[in-house]
Amino acid sequence: FLSAFCTGCYEYPKPPASLLGESYTAREQGAADKLLEGISSLTLAEAQKIALLNNPDYISASQAIEAARFRYYQAMSAWMPTVNASFNLGHSNTWNRHSENHGHNRVGSFSTQTALTVEWLIFDGLAREFSIMAQKSAVEYQKEMDADYCRKVMYAVAQAYNNVLLAIAQRRIAEENRKFQQISLKDTNYKFQAGAVPLSDVLNFEILMNGADVD
């Protein structure tokens, strides 16, 4: 009882609403669905913040810290005394035989028993100390794991974010290259019609134009 009183209990929050439905579009809407409301231009810092608020692995790592901390408190309770209380209530019947008329009579009796024991372990070979140290190290370990998940999430978001920017830049470059090849092909056709350049120049620009379309 004292152990439970001192260590307490920890209640995990409910999982995100996106994990409760069979499909993403038909799922129950939750607070995470409102994270992007009002954002017209998403910055890298905002994207990383949203990812940390809504990433299951990072949330799980954060909860693991609290679980390890309560195991540490539980290990400290080994220093506390243990109190046990018990109470028993019993009833019994005794049948007595009369010798005169060979009759019987019944005698009933109630009994109660109350016990209260207190135990306090003074020394156990430093096992409690080592257990507390181990649980304390487990808390620090979970903190480092939480920080590691944070770094991994932020790194992954930064990579995805920069890949999007890179794709936008590559598309812009490809569009400008296609415009340039269109103009060059048009000018070369004029020159070919005027007899200023051979047909091979026109064909080369058509090949470049086809490559620009693919890009």
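What you are looking at is a predicted structure, and each value in this text was computed from that prediction instead of being measured. (Residues numbered from 1 in each chain as written. Predicted model: local features only at pLDDT ≥ 70, side-chain atom pairs only at ≥ 80, totals over all residues. Heavy atoms only, no water.)

Trainee: Describe in detail the packing of helix α2 (residues 44–53) against helix α4 (residues 127–193), supporting the description with residues and values.
Mentor: Two elements in contact, α2 and α4, have axes whose closest approach is 9 Å; the angle formed by their N-to-C orientations is 135°. In terms of orientation, α2 and α4 fall into the oblique class. Along this stretch, α2 crosses α4, giving a crossing that reads as right-handed. Residue-level contacts link L44, A47, Q48, A51 and L52 of α2 to C150, V153, M154, V157, A158 and Y161 of α4. Across the contact of α2 with α4, the residue classes tally to 10 nonpolar, one polar and no charged. (Axes fitted to C-alpha atoms, helices over the stretch in contact; angles between N-to-C directions. Helix = DSSP H or I, 4+ residues; strand = E, 2+ residues; numbered from the N terminus. Parallel < 35°, antiparallel > 145°, perpendicular 65-115°, else oblique. Left-handed = near helix turned anticlockwise from the far one by under 90°. Contact = heavy atoms within 4.5 Å. Nonpolar A, V, L, I, M, F, W, Y, C, P; charged D, E, K, R; others polar.)

Trainee: An account of the pattern of salt bridges is needed here, citing residue identities and associated values.
Mentor: Summed over all chains, the structure comprises seven salt bridges. Among the ionic pairs, R69 bridges to E66, the shortest N-O distance being 3.0 Å. Pair noted here: R69 and E66 are both in helix α3 (residues 56–76), with a separation of three residues, about one helical turn. Salt-bridge contacts for R171 lead to E175; the nearest nitrogen and oxygen are separated by 3.2 Å. Taken together, the residues R171 and E175, both in helix α4 and four residues apart, mark about one turn of the helix. Salt bridges linked by common partners bring D148, R151 and K152 together as one network. (Salt bridge = Lys/Arg side-chain N within 4 Å of Asp/Glu carboxyl O.)

Trainee: I'd like a rundown of the nonpolar core, residues and numbers included.
Mentor: Of all hydrophobic cores here, the largest spans seven residues; its members are A47, A51, L52, Y58, C150, V153 and V157. With residues up to four places along the chain from it excluded, the contact list for L52 reads Y58, C150, V153 and M154. (Core = buried A, V, L, I, M, F, W, Y, C linked by side-chain atoms within 4.5 Å. Buried < 20%, exposed > 50% of the residue type's maximum accessible area, 1.4 Å probe, protein only.)

Trainee: Residue-level account of α3, with values.
Mentor: Across its 21 residues, α3 extends 31 Å between first and last C-alpha, which sits within 8% of the 30 Å expected from 1.5 Å per residue. When α3 is considered as a whole, its buried residues turn out to be Y58, A61, Q63, I65, A67, A68, Y72 and A75. (Expected span 1.5 Å × (residues − 1).)

Trainee: An account of the packing of α3 against α4 is needed here, citing residue identities and associated values.
Mentor: A packed helix pair is summarised by two numbers, namely the angle formed by the two axes and the spacing between the axes. Their axes nearest at 8 Å, the elements α3 and α4 cross at an angle of 170°. As judged from the angle between their axes, α3 and α4 are roughly antiparallel. Listed contacts from α4 to D57, Y58, A61, S62, A64, I65, A68, R69, R71, Y72, A75 and M76 of α3 are S131, I132, Q135, K136, A138, V139, Q142, K143, D146, Y149, C150 and V153.

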